[in-house]
Amino acid sequence: HGHTYAILFLCQVVGQLPTPQREEQLRKVIRSGVDLILSCQTVEGGWGYEPTDPLDEASLTVCCLQSLRAAKDSGFAVPAEPISRAVRYLQKCCTKDGSFRYSLTRSTGRTSFEITAASLSTLNAAGEFALEERARGMEYLRRSIESAERGRKGAFKAARNFPFYGNFYAGQVLQQSRGPVWKRWSESVWPTILELQKDVGSWESRFGDEYGTAMALLILELPLGYLPLYDR
């Protein structure tokens with residue numbers, strides 16, 4: 001996860017460094033990181049926790065695909081075939097009810113709102129807006145958000161296990177699609193996030209306040225369009 005998020009971040013700032021020398025150095029780092037990602041795709045078309053891991057994991061696959069998309073958008077050569085294989089992998093992760101599995105090779109029955117939102121965001125990033133699996137997944141998100149609201153938990157709690165992670169990706173998906181679900185989600189989630197902010201300005205997370213604060217800000221910044229990552 002850390003490697004792919006680092007590449008994703010660097011691709012958002014490429015072209016903004018103060019000197020040509022630093023820009024060249026940055027591009028070498030990104031190229032090296034992208035080549036590593038391309039070299040360790042699994043047989044199923046996903047990625048595992050380590051470069052030599054033969055077992056896939058969908059959240060890793062999501063991260064790898066988004067970092068490859070960011071690199072391509074930043075002018076780096078990225079072959080089409082690994083992208084196509086990863087898209088097919090995510091299609092196979094989609095279940096009948098629209099939720100997405102965490103893996104095709106371990107805990108294959110495990111699905112969640114969070115990984116579904118992340119998978120849909122990645123299909124969007126790959127430009128796959130017409131896939132039947134995407135349509136099923138979008139319907140699953142809608143049902144999950146409505147169910148959370150009926151239970152008076154609010155849309156933020158549709159992501160029951162990892163709320164910041166789930167809403168980070170759900171927000172991307174819904175912002176790109178707009179419509180009534182986006183309106184419903186944003187009117188519920190943003191006030192909740194603001195209420196969760198601590199007096200010192202941070203957001204609490206079991207993974208550290210730095211993580212919670214970063215994710216909260218990324219969710220709140222969605223409609224401002226600061227990052228190329230959010231473009232459709």
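Residues numbered from 1 in each chain as written. Predicted model: local features only at pLDDT ≥ 70, side-chain atom pairs only at ≥ 80, totals over all residues. Heavy atoms only, no water.

Student: What should I look at first to understand the confidence of the model for the protein in this one?
Tutor: Detailed conclusions should not be drawn from predicted coordinates in areas where pLDDT is low. For the protein, the average pLDDT comes to 91, and 98% of its residues sit at 70 or higher. Of all helices and strands in the protein, the one with the weakest mean pLDDT is helix α3 (residues 58-73) (91), whereas helix α2 (residues 20-39) scores best (96). (pLDDT = per-residue confidence, 0-100. Helix = DSSP H or I, 4+ residues; strand = E, 2+ residues; numbered from the N terminus.)

Student: Help me understand the side chain of D56 in this model?
Tutor: Mapped onto the elements, D56 comes out in the loop between α2 and α3. Separated by 2.5 Å, the side chains of D56 and Y89 make a polar contact. Of note is the side chain of D56, whose polar atom sits 3.0 Å from the side chain of T105. Not counting residues up to four positions away in its chain, the partners in contact with D56 are T42, E44, G46, W47, G48, Y89, S103, L104, T105 and R106. (Polar contact = N/O pair within 3.5 Å; in protein donor to acceptor, adjacent residues only side chain to side chain. Contact = heavy atoms within 4.5 Å.)

Student: Is there a simple way to think about α2 in this case?
Tutor: An α-helix turns once per 3.6 residues; consequently, residues spaced three or four apart project the same way. For α2, spanning 20 residues, the distance from its first C-alpha to its last is 29 Å, which sits close to the expected 28 Å at 1.5 Å a residue. E23, L26, I30, G33, V34 and I37 are the residues of α2 that are buried. When α2 is viewed along its axis, its buried side chains cluster within an angular range of 100° and face the same direction. Of the exposed residues in α2, the ones pointing more than 90 degrees away from its buried face are Q21, Q25, K28 and S39. For α2, the elements touching its buried residues are α1 (2-13) and α3. (Expected span 1.5 Å × (residues − 1). Buried < 20%, exposed > 50% of the residue type's maximum accessible area, 1.4 Å probe, protein only. Arc of directions from axis to C-beta.)

Student: Would you explain the packing of aromatic side chains in this entry?
Tutor: How two aromatic rings sit relative to each other is set out by the distance from centre to centre and by the angle between their planes. For the structure shown, the criterion picks out eight aromatic pairs. Pairing W182 with W185 gives two aromatic rings, centres 5.7 Å apart and planes at 25°, and the pair type is stacked. One end of the pair is W182 and the other is W185, both in helix α8 (residues 179-196) and three residues apart, which spans about a single turn. A residue is classified by how much of its surface remains accessible, and W182, at 8% relative accessible area, is buried. Its relative accessible area of 0% is what places W185 among the buried residues. Relative to W190, the ring of W182 has its centre 5.6 Å away and its plane inclined at 85°; by these criteria the two rings are edge-to-face. Lying over the aromatic face of Y102, R110 brings its terminal NZ or CZ to 4.0 Å of the ring centre. (Phe/Tyr/Trp six-rings, centres within 6.5 Å; stacked < 30°, edge-to-face > 60°. Lys NZ or Arg CZ within 6 Å of the ring centre and 35° of its normal.)

Student: Looking at this model, I keep getting lost on the nonpolar core. Mind explaining?
Tutor: Side chains of nonpolar character tend, in soluble globular proteins, to be buried together. Of all hydrophobic cores here, the largest spans 63 residues; its most connected members are I30, W47, F113, Y169 and W185. A per-element tally of this core places α3 first, with nine residues. Leave out the neighbours within four places in its chain, and W47 touches I37, C40, Q41, T42, L55, D56, E57, L60, T61, C64, L68 and A86. (Core = buried A, V, L, I, M, F, W, Y, C linked by side-chain atoms within 4.5 Å.)

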